[in-house]
Amino acid sequence: MKVLVPVKRVVDAYVKVRVKADGSGVDTANVKMAMNPFDEIAVEEAIRLKERGIATEVVAASIGEAKCVETLRTALAMGADRAIHVVTEAVVQPLGVAKVLRALVEREDPQLVILGKQAIDDDSNQTGQMLAGLLGWPQATFVSRLRIENGEVEAGREVDEGIEILRFRLPAVITVDLRLNEPRYASLPNIMKAKRKPVEETTPEALGVDVSPRLLYTRFEEPPKRKAGVRVASVQELVDRLIHEAKVL
Ligand code: AMP
């Protein structure tokens, strides 16, 4: 079974993002970038499937500018076998990414695509669902437990009432949540080995996909500054303030 793992290059989770002065977007100049944290979990899960003899090959894919190759190298250093870089300078929105991924699925014929549940830059939480829709494949989103046996998938997803268990057959799309696993760090020897693993380059045009944007972002703003808190002397004072000042009780 071949597994395709799409990985996105995003602003590092520990960087405080800043909006550009003209409000046209987020300033990414000279900002530390990293693999989307949910995608690290997706790569880890794919590698574990290979280590358990369930997957035979793990292919990482990234859509974006030239530097996305660094993100692919991270996936290769973690243990992916090879990578595909779909090079474009355009900002590709989730529908465009899903269409590119569909083209890769048609070419590569994986039985499973494991994505992050969302990218922490746009927080869209759309690509996996759109891909499953385009392919007509079953999907499980927000997966925090996964078992695959004889082409049968059992996926646990976190819902308000607890864990919902879904069962379906491959081929399928899965998006992963935080609690699925703890991604490994790439060891130095594996980082060196990853430099020799193949990274194929292609473009949306070569795959026959139109990635032009369908959504127009009108303006980006910093969130309002949080007001300083107040220290209260007693529970009674807290309750009084909640009733009379905040008017939430
Ligand atoms: P989103 O729908 O933008 O929140 O992204 C959900 C998931 O789709 C991410 O965690 C990635 O697995 C995948 N994804 C989104 N954008 C890209 C991209 N440009 N390249 C590769 N994978 C992507």
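So, how was this worked out
- Residues numbered from 1 in each chain as written.
- Predicted model: local features only at pLDDT ≥ 70, side-chain atom pairs only at ≥ 80, totals over all residues.
- Heavy atoms only, no water.
- Salt bridge = Lys/Arg side-chain N within 4 Å of Asp/Glu carboxyl O.
- Helix = DSSP H or I, 4+ residues; strand = E, 2+ residues; numbered from the N terminus.
- Buried < 20%, exposed > 50% of the residue type's maximum accessible area, 1.4 Å probe, protein only.
- Axes fitted to C-alpha atoms, helices over the stretch in contact; angles between N-to-C directions.
- Parallel < 35°, antiparallel > 145°, perpendicular 65-115°, else oblique.
- Left-handed = near helix turned anticlockwise from the far one by under 90°.
- Contact = heavy atoms within 4.5 Å.
- Core = buried A, V, L, I, M, F, W, Y, C linked by side-chain atoms within 4.5 Å.
- Patch = residues over 30% accessible without salt bridge, like charges linked within 9 Å, V, L, I, M, F, W, Y side chains within 5 Å.
- Areas by Shrake-Rupley, 256 points an atom, 1.4 Å probe, with all protein chains shown as cover.
- Phe/Tyr/Trp six-rings, centres within 6.5 Å; stacked < 30°, edge-to-face > 60°.

Novice: Before we go on, may I ask you to explain the pattern of salt bridges in this structure?
Specialist: Opposite charge on two side chains permits pairing when their charged atoms draw close. Following the criterion strictly, the structure yields 22 salt bridges and no others. Measuring nitrogen to oxygen at the nearest pair gives 3.2 Å for the salt bridge that ties Lys32 to Asp12. One end of the pair, Lys32, is in the loop between strand E2 (9-11) and strand E3 (33-35); the other, Asp12, is in the loop between E2 and E3, with 20 residues separating them in the sequence. In this structure, Asp81 and Lys50 form a salt bridge, with 2.6 Å as the shortest nitrogen-oxygen distance. One end of the pair, Asp81, is in the loop between helix H2 (68-78) and strand E5 (82-87); the other, Lys50, is in helix H1 (residues 37-51), with 31 residues separating them in the sequence. For Asp81, a relative accessible area of 23% translates into the label partly exposed. Among the ionic contacts, a cluster of salt bridges with common partners joins Lys2, Glu57, Arg82, Arg107, Glu108 and Glu200.

Novice: Just to check I follow, could you spell out the packing of helix H3 (residues 94-108) against helix H4 (residues 127-135) for this structure?
Specialist: A pair of packed helices is characterised by two quantities: the angle between their axes and the separation of those axes. Interhelical geometry of H3 versus H4 gives an angle of 50° and a closest axis separation of 8 Å. Relative to H4, H3 is oriented oblique. The crossing of H3 and H4 is right-handed. Together, Pro94, Leu95, Val97, Ala98, Lys99, Leu101, Arg102 and Val105 of H3 and Thr127, Met130, Leu131, Leu134 and Leu135 of H4 make up the contact between the two elements.

Novice: Hey, could you run me through the nonpolar core in this one?
Specialist: Where a protein is soluble and globular, its nonpolar side chains tend to be buried together. Leu112, Ile114 and Ile174 are the most contacted members of the largest nonpolar core, which has 36 residues in total. For this core, the elements supplying multiple residues, two or more each, are strand E1 (2-6), H1, strand E4 (57-64), H2, strand E6 (112-116), strand E7 (139-149), strand E8 (152-159) and strand E10 (172-176). Per-element tally for this core: the top contributor is H1, with six residues. Contact partners of Ile114, with chain neighbours within four places excluded, come to Val3, Leu4, Val5, Pro6, Ala42, Glu45, Ala46, Leu49, Ile174 and Val176.

Novice: Would you take a moment to explain a nonpolar patch on the surface for this structure?
Specialist: A contiguous nonpolar surface patch, about 290 Å² in accessible area, is contributed by Leu188, Ile191 and Met192. Position of Met192 among the secondary structure elements: in helix H5 (residues 188-194).

Novice: Mind showing me how you'd approach the packing of aromatic side chains here?
Specialist: How two aromatic rings sit relative to each other is given by the distance of their centres and the angle of their planes. Under the defined criterion, the tally for this structure stands at one aromatic pair. Look at Tyr217 and Phe220: their rings are 5.6 Å apart centre to centre, the planes differ by 40°, and that puts the pair in the tilted class. Judged by relative accessible area, Phe220 falls into the partly exposed class, the value being 27%.

Novice: It is not clear to me how the side chain of Gln93 should be interpreted in this structure. Could you clarify?
Specialist: Here Gln93 shows up in the loop between E5 and H3. The residues contacting Gln93, other than those within four sequence positions of it, are Pro213, Arg214, Leu215 and Tyr217.

Without other data, these values stay purely geometric and don't point to any function.
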